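Single-letter residue listing:
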Amino acid sequence: MTLQHITQLRCVKCHAIYGLEQQYTCPTCGLDGVLDIEYNYDLVAKTLTKASLAEREHNHWRYRELLPISDSVTLPHLQVGWTPIYHAPRVAQAIDVKDVYIKDDGRNPTASFKDRASSVGVVKAVEQGAKIIACASTGNAASSLAGFSAALGLKSIIFVPERAPEPKITQLLIFGATVIRVQGSYEDAWWFCQRACERWGWYNRNAAVNPYLVEGKKTAGLEIAEQMSDNMPNWVVFSVGDGCTIAGAWKGIWEMHKLGITPRLPKMLGVQAIGASPIVTAFRNQTDLVSSSAETIADSICVGEPRNWRKAIKAIEDSNGEMIQITDEEILEAMRLAARSAAVFGEPAGVAALAGLKRARQAGVVKAKESALVVIAGNGLKDVQTARQAAGSPISIEPNMDKLEQVLAREKLI
Ligand SMILES: Cc1ncc(COP(=O)(O)O)c(C=O)c1O
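The written sequence of each chain sets the order in which its residues are numbered from 1. Confidence filtering applies because this is a predicted model: local features only for residues at pLDDT of at least 70, side-chain atom pairs given and counted only at 80 or more, and all residues used for totals across whole chains, interfaces and linings.

## A short note on the packing of helix α5 (residues 140–152) against helix α6 (residues 166–174)
Line of reasoning, step 1. Running from amino to carboxyl end, α5 crosses α6 at an angle of 20°, the nearest separation of the two axes being 8 Å. The angle between α5 and α6 falls in the class roughly parallel. The chirality of how α5 crosses α6 is left-handed. Together, Asn140, Ala142, Ser143 and Ala146 of α5 and Lys168, Gln171 and Leu172 of α6 make up the contact between the two elements.
Line of reasoning, step 2. Of the residues contributing to the contact of α5 with α6, the split by class is three nonpolar, three polar and one charged. Axis definition: a line fitted to C-alpha atoms, over the contacting stretch in the case of helices. Angles run 0 to 180 degrees between N-to-C directions. Strands here mean DSSP runs of E at least two residues long; helices mean DSSP runs of H or I at least four residues long; both are numbered from the N terminus. If an angle is under 35 degrees, it is roughly parallel; if it is over 145, roughly antiparallel; if it lies from 65 to 115, roughly perpendicular; otherwise it is oblique. Working rule for handedness: look at the near helix, and if it is turned counterclockwise from the far one by less than a right angle, call the crossing left-handed; if clockwise, right-handed. We call two residues in contact if the C-beta atoms placed from their backbones are at most 7 Å apart. Note on residue classes: Ala, Val, Leu, Ile, Met, Phe, Trp, Tyr, Cys and Pro are nonpolar, Asp, Glu, Lys and Arg are charged, and everything else, Gly too, is polar.

The structure is reproduced here in structure tokens:
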């Protein structure tokens, strides 16, 4: 298969159409003009069917007809996608909704859903003969890019904000990335990376400018549609930083609906932390985005100047969905709820989606008779420090049976 399954690239702002030679953003709209890739669905439908999917391997390359890659490329050996979806009745009961499903995307190779995008990014970089690939990231896109560059033998240069958690930095370093820790915010790191890519011609993995990345993220939606099939829940919930993830997931679900693989479309619920919620503000006020300050414990969604806000808002509106804000306290509570009632340990930005579902139920946005699928997009070990805030401390005692008895009595365990 060549790229004949792709028809064109369209600017999300001015809707101008480009061919595949247009690599990054729309030349007229600049950085505001993120491109969207459009497919020839009649052609795709000839080979991507329920029957053909049943024969394919359980990883995200099973959707090749809906990915911007050709048959001749070398794929990284790492297993990406087909992450489990768990039914979580105790979580549903705690939140007071009919059913909750949790998709644990922290089960990807570098422990976040960003592997879906990075795997496509490195393939495109190699296809174009790049030797160096760069990105700016709050942490997960970075560790994922470092891992996938290692898989294909590319050099990665990564810009992270000062506050990126240590476990994520450690992942970068162990995979051999050159890590530039920028003394500033994510926005500072992003601009720094952007200028460096322009100056030295590195392949730019930033999802805000590179339209191929969102196609990788789309596979989360393709999977949700295939895995839930006839049982598609009323809501699909994602936390939102830049906006690219929820937009990609919606695109994937929509495509599978178009291809007849899932009969029903869900409403998308986008969740932002109250201290970093410029997309919620733009969504509610029906205005263009105004950048804001960004402050939350959920580092992966601590984004004050998101670039894919247009795509995110369009996805939420097209699905008749909603957006909601949550506090850091609610994130910590959701971390405990996911871990203790569904045994899924998510990082703060991951469980923020669950916190959003709870808040949306309290606000009456989600009804008690409805069901929801929550995507927990990153593993809790990515940010152990915050997890400890949610989890508390162990009980430290001398190895003495009397002391143990006292402690167990105090804890009402005997
Ligand atoms: C774990 C996790 N959840 C959610 C998000 C939000 O995705 P996006 O920035 O594309 O909106 C990120 C982004 O880094 C993430 O790492």
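Additional details are given in the paragraphs that follow.
## Examining the site of the ligand
Line of reasoning, step 1. The ligand sits among 19 residues. The nearest are Gly241, Asp242, Thr245, Ser300 and Gly378.
Line of reasoning, step 2. Only α5, α9 (244–258) and α13 (348–362) provide two or more residues apiece to the shell around the ligand. We call a residue near a molecule or strand when its C-beta atom, built from the backbone, sits within 6 Å of it.

## A closer look at helix α11 (residues 309–318)
Line of reasoning, step 1. Buried residues are those with 20 or more other C-beta atoms within 10 Å of their own C-beta, exposed residues have 12 or fewer, and partly exposed residues lie in between; C-beta atoms are placed from the backbone. For α11, the tally of buried residues reaches seven of ten residues, placing the bulk of the element in the interior.
Line of reasoning, step 2. Inspection of α11 places Trp309, Arg310, Lys311, Ala312, Ile313, Ala315 and Ile316 among the buried residues, and these make up the whole buried set.
Line of reasoning, step 3. Count one or two residues on from α11 and you reach Asn320, which has phi positive near 60°.

## Digging into the sheet that holds strand β12 (residues 322–326)
Line of reasoning, step 1. Strand order in this open sheet of six strands is β4-β5-β13-β10-β11-β12, and the pairing throughout is mixed. For this open sheet the edge positions go to β4 (85–87) and β12, each flanked by a neighbour on one side alone. Within the sheet, the average angular offset between the axes of one strand and its neighbour, ignoring direction, is 25°.
Line of reasoning, step 2. Packing of α11 onto the sheet brings it into contact with β11 (267–273) and β12, and relative to β11 it is tilted by some 140°. We call two strands paired when DSSP finds no fewer than two bridges between them.

## Here's the deal with the sheet that holds strand β1 (residues 6–11)
Line of reasoning, step 1. Judged by pairing direction, the sheet is antiparallel, and its three strands sit side by side in the order β2-β1-β3 without closing on themselves. Pairing within the sheet leaves two strands with one partner each, and these edge strands are β2 (17–18) and β3 (35–39).
Line of reasoning, step 2. Relative to β3, β1 runs antiparallel, the two being bridged by five bridges. Across the sheet, the residue bridging to Cys11 is Leu35, located in β3.

## Here's the deal with the nonpolar core
Line of reasoning, step 1. In this structure, Ile158, Val237, Ile331, Ala352, Ala353 and Val374 are the most contacted members of the largest nonpolar core, which totals 123 residues.
Line of reasoning, step 2. Apart from the residues within four sequence positions on either side, Val237 is in contact with Leu269, Val271, Ala353, Gly356, Leu357, Ala372, Leu373, Val374 and Val375. The term nonpolar core refers to a set of buried Ala, Val, Leu, Ile, Met, Phe, Trp, Tyr and Cys residues connected through C-beta atoms within 7 Å.

## Overview of helix α15 (residues 401–410)
Line of reasoning, step 1. Of all the ten residues making up α15, zero are buried; the element is thus mostly uncovered.
Line of reasoning, step 2. Just beyond α15, the residue with positive phi is Lys412, at close to 60°.

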